Amino acid sequence: MAPSSKPIPLTYILLAAVAIHLPLMLMQLPLKSYDTNFHIFFASHYVHHWFDPWNTKWFAGFSQTTYPPMPQQWVALLSWILGLNMAYMAVQLAAILLLVVGMYRFARLWVGPRAASFAALATVLLGSESFLVYSAGQLSTTVAAPLYLNALPFFFDWLRYGNWRSFLKAAVLLVAAAAAHHATLLFGSAFFALPVVALVLFDSKEDAESPATSTSALVIRLVSIAVVVGLAIAVTLLPYWIGLIRYPITQTPIPHASRANYLLSPEIGINYFIVPYGALILALPFVVIRGARIPRLRPLLLGFWLCFLVGLGGTTQVGSILLGRAFEVLTFERFSYWATLLALPIVGLIISEAINRFRLKAVIPIALVAASGCALAMAWSTIHPPDAANFDVTNVALWLNRDGHDKYRYVTLGFGSKLSRLAILTDADSVDGESNSSRMLPELTKYGGAALTSSKYFAKPGLDSLRAILNHADRYGLKWVLVKDSYYDPLLYFAGWRPVDQLDDKTITIWGKDGVPPAVPMNAAQKPAAWQGLLWGTLPIGFSFLAILVIFIPERRPRGFRDDVTREDYAGSFNDPAVSGEVIS
Amino acid sequence: MNKGTLLALSITVLTILLIASGTIWPVPAAVAFAGGAKKDMIGASSTPQRAVDDLGTEIRLRDWNKAYSSLANKAEFTQDQFLHDLSGHSLSLRTYATLDGFEVQPLHQSADAAEVNMKLRWSTVVGTFVDTRDLHVVKTSGHWAVEWPIVQEQHVPPQVIAVNYLRWDVISSGSGDDWGAQDVESPHVRIVDMHPVNRADGVVILGELLNEDIIPAYVSVRAALVGKNGATLDSEGSFDMIDHTLLPKQVTPFVINFPGIDLTQVASIRMDPVSVLVSASADPVVEVQNQTYNPAPNASLTGQLSNQSGQTVNVAHVISSFYDKNGQLVWVAGQYIDRALHPQTPVPFRIPVPEDLAKNINSERTVIATYSTGSSL
């Protein structure tokens, strides 16, 4: 019997994604991750102050224009129906589904529909995706990447054929991706877009059936889309750029475990390499061999390889050399995520070939290994929880909200990511927060510690920062310190705080300082102008709506060349059966 | 060899080389996560300094098994005793201290033995302390290993200690009272001495605060520097450089730092002592024994703290005032004690004094602030 060349219908793959991820979303598993509460906190502000990004609840006042808003704004919109938590889950699930479609479309640039469908299916079980969703809670990265992947085929069409519809779609999707996460676009340009440009050049030379693209035309098209998208991003995220120019990020770098050498620190290597790559580790040699042997896949292979090396953090010196000072600021789990996305088209091809050749003997082990890798990544937030203890902060919020306690600012110690959850629930303001790039208080930026609530994990820099802010308690109206970890008690005692109350079976102690004046508004100079708030509340979300609209403009040209399908398949790709869910007969 | 094979081979070889290079010569961020020094990738310690470096790295990573196993004299004590030496037997600053860094200074070396000085900088919640050890390193079986100079905490035999101390309780008017918002007059406190000095890193205000009342007071002092144009230059508080709990008629020294400000900029100083009535007790009583002022060079005040009570003091803060021959306050300095104060077990302290002030010092007075777990609320 001849091997099958049928792709898995995209509808089936989407159903598989729903079957695997929907129950976990309904269980709200991402709430256990590092950053989910942070995104929900930002969204909660947009719920109440859509056009005013100035948020007084953290850092004695900060601007949310320091972080691209689109995914959080979607959470805020949906929260009117679903509530904040489930709205977050809905947006996250949409991103997972969008990744399936994006990967299929991106993979079709490089491989045939069957291999592309395996690549799309692989995203459902991808360890790095599950790691970012369930352990890291990186909503913005996981929303931006699929938008970017969906934009790239249109980008290819524009460069290759000069198709204006594709230009429009690519531009809108790229801006929407930037509105979700600017770093994805910045680094995606190097790792994702450059291989696509190389592919255009390759196809132009090798594909005799399509008109060649002259170098001058390619350059003009490339520059034109770069200029248009660049300008659109500049305007869409203008408040972000204004803030960055006025207050450049000069704070002392904060240590992050993803910058470790994964061999010298193997426990970190498990977190940042074994878990995200999962089953893909077994496929890496085949990715290199197969990617190198097929000339058309070589740009993709090189993009993957470079991203893979950077994603290894401090295991090689590549990241440090390429990124310079940015190496001390960026975190590298997202590079590993992008690397796995870049590898998937080749992985899809390998799976397709293996199944064609070995049938069930290939299907069973591949499925088992992929499912195991996915399960490990999903379970990682339970095996290796971001917070040592899961606890409810409702009583703490109630305490802060009563008897005028919210006239003063507070900090938490030992609350981990519950800091964001508490900020959602309470009316009181804090001098602490979880958005490192948003903080302006010198006590927080000078020393190299992250959130004060976790200061002990940053050793001397973190504790120096904590001591500095406590020393200036009067200045910030900082009267309350909410302590979940008695490690900090000696400092509070000797620094002049005294315990005033205990909550939740004495697991949380509230310390107060006498003589502290009530909090007054601060950091007014950093407050964005009203027009910036209007822009921030309109354009980023507006581009996401526009992206949804333009995607329905019908296509006219086929894209890419597939080396594992026949010319007939190539000609027939205009009405792609996999996309429509039909099965080729 | 075709192009594809060559490319695959090149990528594989380059990746291996890059990883090997990144492991042999790791970037600074990776070094920090690996314990502050490159881990031994090639085998046993080849020099005395390397042996001490490796031990420091293992301590920094809290890899007690490996650190203990590497010691040449591990037969002389158990791993628990080694751990208690480093992190304390009872809850103390050492218990949760993290090794921020260490310095190794070779002193002497022969073919099979060496003397090495090791300074361990521990980071704690209240600040950093330095633990200095002179290590004897010996060559055994072709590699160097450290003989750890174990410091074992003394333990007094079980006994009953009768306590007879003063204690003041405060009855609040209701459970809804906000702490600090009391319906009683604040205890009377007074600044009995205040002396601004110009130091290299800014203005320092030294002073002493007296509780004149017959009730205990929880105190702190704030100060504001006013410039020549009448504007406030900066305002700071005494933070932890004061004993916040004052019994009746008790005096505490205090220090307020104003970094980055020169005294010539200052026209006046506003002092603002704050006092609140609190429950307090005279227990635990900590006695200062053998207090000795050691003049320059390396001027310091040394002595021993002895806990006269029956309960363990987990953290003690020694704050000393230094006076000239006229009885004028010339300096205030403090030191946290990194080990717990067990009953009747003396623990040494050493407070360094700036060399430029050392010659003026004629007398000194020391107060001890104490923290015991579970006694705070």
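Remember, predicted model here, so these are calculated numbers, not experimental data. (Residues numbered from 1 in each chain as written. Chains lettered and ligands numbered in written order. Predicted model: local features only at pLDDT ≥ 70, side-chain atom pairs only at ≥ 80, totals over all residues.)

Just checking my understanding: could you explain the overall build of chain A for this structure?
Helix and strand content of chain A: 26 helices and six strands. Over its C-alpha atoms chain A spans a radius of gyration of 25 Å, differing by no more than 12% from the 25 Å that the globule rule assigns to 585 residues. Taking the principal axes of its C-alpha atoms as reference, chain A extends roughly 80 × 50 × 45 Å. Sorting the 585 residues of chain A into buried and exposed places 57% on the buried side. (Helix = DSSP H or I, 4+ residues; strand = E, 2+ residues; numbered from the N terminus. Rg over C-alpha atoms; globule rule 2.2 N^0.38 Å. Buried ≥ 20, exposed ≤ 12 C-beta atoms within 10 Å, placed from the backbone.)

Help me out: how do you make sense of the overall build of chain B in this one?
Secondary structure summary: chain B contains six helices and 19 strands in total. In terms of overall size, chain B is more extended than a compact globule, its C-alpha atoms giving a radius of gyration of 27 Å where 377 residues would be expected to give roughly 21 Å. Considering only C-alpha atoms, chain B reaches an extent of 90 × 60 × 55 Å along its principal axes. Residues counted as buried form 34% of the 377 residues belonging to chain B. Considering only residue pairs separated by 6 or more positions, chain B has 64% of its internal contacts joining residues 24 or more positions apart. (Contact = placed C-beta atoms within 7 Å.)

Please explain the environment of isoleucine 242 of chain B as it appears in this structure.
All names here are of chain B. Structurally, the position occupied by isoleucine 242 is in the loop between strand S9 (232-237) and strand S10 (245-246). Considered as a pair, isoleucine 242 and isoleucine 269 are 27 residues apart in the sequence and their alpha carbons are 19 Å apart. When near neighbours in sequence (up to four residues on either side) are disregarded, isoleucine 242 contacts Ser220, Val221, Thr252 and Phe254.

Just checking my understanding: could you explain the sheet that holds strand S6 (residues 189-199) of chain B for this structure?
Paired through their backbone hydrogen bonds, the strands of a sheet run either parallel or antiparallel. Residues and elements named next belong to chain B. Reading across from one edge, S6-S7-S11 is the order of the three strands in this open sheet, with antiparallel pairing throughout. The sheet is open, and its two edges are formed by S6 and strand S11 (251-259), each paired on a single side. The average angle at which neighbouring strand axes cross in this sheet is 20 degrees, direction not considered. The sheet contact formed by strand S7 (residues 202-211) and S11 spans nine bridges and is antiparallel. The residue bridging glycine 202 from the neighbouring strand is proline 259, located in S11. (Pairing = 2+ DSSP bridges. Axes fitted to C-alpha atoms, helices over the stretch in contact; angles between N-to-C directions.)

When you look at the interface of chain B and chain A in this model, what are you seeing that I'm missing?
In many analyses, interface size is given as the accessible surface area lost on bringing the parts together. On the side of chain A, 47 residues touch chain B, which itself brings 43 residues to the contact. Within the residue set of the side of chain B that touches chain A, elements represented by two or more residues are helix H1 (3-24), helix H2 (28-33), strand S1 (98-109), strand S8 (217-227), strand S12 (266-277), strand S16 (315-323) and strand S19 (363-371) of chain B. Per element, the largest residue contribution to the side of chain B that touches chain A is ten residues, and it comes from H1 of chain B. Of the residues that constitute the side of chain B that touches chain A, the class distribution is 24 nonpolar, 14 polar and five charged. (Nonpolar A, V, L, I, M, F, W, Y, C, P; charged D, E, K, R; others polar.)

Any chance you could explain the domain arrangement of chain B here in plain terms?
Segmenting chain B into domains produces domain 1 (28-147), domain 2 (180-278) and domain 3 (281-371). Taken over C-alpha atoms, the centre of domain 1 of chain B sits 42 Å from the centre of domain 2 of chain B. (Domains from an automatic or database assignment.)

What am I meant to see in the sheet that holds strand S3 (residues 409-413) of chain A here?
Residues and elements named next belong to chain A. Overall, mixed pairing links the four strands, which are arranged S3-S4-S6-S5 in an open sheet. What marks the edges here is a single partner per strand, and that holds for S3 and strand S5 (498-503). Direction aside, neighbouring strands of the sheet carry axes that sit 25 degrees apart on average. In the sheet, S3 pairs with strand S4 (residues 478-483) via five bridges, with the strands oriented parallel. Opposite threonine 412, over in S4, you have leucine 482 as the bridge partner. Where helix H18 (residues 394-401) meets the sheet, its contacts fall on S3, S4, S5 and strand S6 (508-512), and the angle it forms with S5 comes to roughly 130 degrees.

In this structure, what is going on with the confidence of the model for chain B? I would like to understand it.
Low-confidence regions, as indicated by low pLDDT, have predicted coordinates that should not be scrutinised in detail. Looking at chain B, pLDDT values average 90 and 93% of them are 70 or higher. Interface scoring of the predicted complex returns ipTM 0.91; its pTM is 0.89. (pLDDT = per-residue confidence, 0-100.)

How should unusual backbone geometry be read in this particular structure?
All names here are of chain B. Cis geometry is adopted by the peptide bond preceding proline 284, which originates at aspartate 283 and carries an omega value of 0 degrees. As for its position among the elements, proline 284 is in the loop between strand S13 (280-281) and strand S14 (286-294). Here the residue pair alanine 296 and proline 297 is connected by a cis peptide bond, since its omega of 0 degrees sits within 30 degrees of zero. Even without being glycine, asparagine 290 reaches a positive phi, approximately 50 degrees. You can see asparagine 290 is positioned in strand S14. Backbone geometry at glutamine 344 places phi at a positive 60 degrees, although glycine is not the residue there. Here glutamine 344 lies in the loop between strand S17 (329-337) and strand S18 (347-352). Of the residues examined, glutamine 344 has 15 C-beta atoms within 10 Å and is grouped as partly exposed.

Explain the packing of helix H7 (residues 139-161) of chain A against helix H10 (residues 215-236) of chain A here, please?
Any two packed helices are characterised by how steeply their axes cross, that is the angle between the axes, and by the distance between the axes. Residue and element names in this part refer to chain A. At their nearest, the axes of H7 and H10 sit 8 Å apart, and the two run at 140 degrees to each other. With respect to H10, the element H7 is oriented oblique. Facing H7, whose interface residues are Phe155, Trp158 and Leu159, H10 presents Leu218, Arg221, Leu222 and Ile225. A per-class count over the contact of H7 with H10 returns six nonpolar, no polar and one charged. (Parallel < 35°, antiparallel > 145°, perpendicular 65-115°, else oblique.)

Would you mind going over the pairing of S8 of chain B with me for this structure?
Strand residues, when the strand is regular, have side chains that alternate between the two faces of the sheet. Residues and elements named next belong to chain B. Here two bridges tie S8 to S10, and the two strands are oriented antiparallel to one another. Across the sheet, the residue bridging to tyrosine 218 is threonine 245, located in S10. Where S8 lies against S12, eleven bridges are found, and the strand directions are antiparallel. The partner of valine 221 across the bridge, within S12, is proline 273. Inspection of the sheet shows S8 paired to S9 by five bridges, in the antiparallel sense. By the bridge assignment for S9, leucine 225 is matched with aspartate 234. Here S8 hands over to S9 after four residues, with glycine 230 in that stretch at a positive phi of 90 degrees.

What is the right way to read helix H19 (residues 418-425) of chain A from this model?
Each turn of an α-helix holds 3.6 residues, which means side chains three or four residues apart point in the same direction. All names here are of chain A. By the criterion of burial, H19 is predominantly enclosed, with six of the eight residues buried. The complete set of buried residues in H19 reads Lys418, Leu419, Ser420, Arg421, Leu422 and Ala423. Buried residues along H19 sit in contact with helix H2 (36-48), H18 and S3.

What's the story with the environment of leucine 244 of chain A in this structure? I'm lost.
Its place among the elements puts leucine 244 of chain A in helix H11 (residues 238-246). Distance in space between the C-alpha atoms of leucine 244 of chain A and glutamate 206 of chain A is 45 Å, their sequence separation being 38 residues.

Help me understand helix H4 (residues 84-110) of chain A in this model?
Between the first and last C-alpha of H4 of chain A there are 39 Å, a value that for 27 residues agrees with the 39 Å anticipated at 1.5 Å per step. With 21 of 27 residues buried, H4 of chain A is to be regarded as a mostly interior element. (Expected span 1.5 Å × (residues − 1).)

Explain the environment of histidine 45 of chain A here, please?
Residue and element names in this part refer to chain A. For histidine 45, the position within the fold is in helix H2. Between the C-alpha atom of histidine 45 and that of threonine 56, which follows or precedes it by eleven residues, the distance is 9.8 Å. If we skip the residues at most four places from it in the chain, histidine 45 touches Asn55 and Gln64.

Which parts of the structure should I look at to understand the confidence of the model for chain A?
All names here are of chain A. On average, chain A scores 91 in pLDDT, and the residues at 70 or more come to 93%. No element of chain A has a lower mean pLDDT than helix H25 (residues 567-571), which averages 37, and none a higher one than helix H3 (residues 70-82), which averages 98. Here residues 561-585 scores under 50 on pLDDT; set against residues more than four positions off or in separate chains, the count is 44 contacts.

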